[in-house]
Amino acid sequence: MVHWYHTPIVKTITRTQTGVRLESRLLKVLKALATELDLSLGDLLEGIVLHAFEGKPPFSAATLRKVKALRAVYGLELTAADSHQLHEDGDGR
């Protein structure tokens, strides 16, 4: 007789500390969302990226409502259409 156990499979990974530059209001929203979801910022970003790599939406409807509220709190008006078109002050563009 074989017993099947329903335990999650734990995958061992190696994380690397990195310095990533992000738009200030976007970072504030991400940090606040991570806090709301009881995640570290790194765990939140990993989840978003892994979902994006598979073409899956990373957030439930409830989480998207939280994101919308946080965007309003921090004045984040940027959208996906703005990506790859952002320029920092004094970057010579």
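Use the structure listed above.
No experiment lies behind these values; they were computed from the predicted model shown. (Residues numbered from 1 in each chain as written. Predicted model: local features only at pLDDT ≥ 70, side-chain atom pairs only at ≥ 80, totals over all residues. Heavy atoms only, no water.)

Q: Explain the layout of surface pockets here, please?
A: It is the rolling of a water-molecule-sized probe over the atoms that shows where space remains empty. Roughly 1,600 Å³ of internal volume is contained in the largest pocket. If you trace the largest pocket, you find 42 residues lining it, with L22, E23, L26, L30 and L45 closest to the centre. Those elements giving two or more residues to the lining of the largest pocket turn out to be α1 (24-36), α2 (41-53) and α3 (61-74). At nine residues, the largest contribution of residues to the lining of the largest pocket is made by α2. Its residues placed into classes, the lining of the largest pocket shows 20 nonpolar, eleven polar and eleven charged. (1 Å grid on protein atoms, 1.4 Å probe; cavity = no way out; pocket = protein on both sides within 12 Å on 5 of 7 lines; lining within 4 Å. Points joined across faces, edges and corners; volume = space filled by probe spheres on them. Helix = DSSP H or I, 4+ residues; strand = E, 2+ residues; numbered from the N terminus. Nonpolar A, V, L, I, M, F, W, Y, C, P; charged D, E, K, R; others polar.)

Q: Can you help me understand α1 in this one?
A: Each turn of an α-helix holds 3.6 residues, which means side chains three or four residues apart point in the same direction. Between its terminal C-alpha atoms α1 stretches 18 Å, which fits the 18 Å expected from 13 residues at 1.5 Å a residue. Turning to α1, its buried residues are V29, L30, A32, L33 and A34. On the buried face of α1, the contacting elements are α2 and α3. Of the residues flanking the start of α1, the one acting as N-cap is E23, its side-chain oxygen 2.8 Å from the backbone nitrogen of R25. Downstream of α1 by a residue or two, D38 has a phi angle that is positive, lying close to 60 degrees. (Expected span 1.5 Å × (residues − 1). Buried < 20%, exposed > 50% of the residue type's maximum accessible area, 1.4 Å probe, protein only. Contact = heavy atoms within 4.5 Å. Polar contact = N/O pair within 3.5 Å; in protein donor to acceptor, adjacent residues only side chain to side chain.)

Q: It is not clear to me how the pattern of salt bridges should be interpreted in this structure. Could you clarify?
A: Two side chains bearing opposite charge may form a pair once their charged atoms approach each other closely. By the definition in use, this model includes five salt bridges. In this structure, D43 engages R15 in a salt bridge whose closest nitrogen and oxygen atoms are separated by 3.0 Å. Of the two residues, D43 sits in helix α2 while R15 sits in the segment before α1, which places them 28 residues apart along the sequence. Look at D43 and you get partly exposed, because its relative accessible area is 33%. (Salt bridge = Lys/Arg side-chain N within 4 Å of Asp/Glu carboxyl O.)

Q: What exactly am I supposed to notice about α2 here?
A: With 13 residues, α2 extends 18 Å from end C-alpha to end C-alpha; this agrees with the ideal 18 Å at 1.5 Å per step. A positive backbone phi angle near 70 degrees is found at G55, which sits one or two residues after α2.

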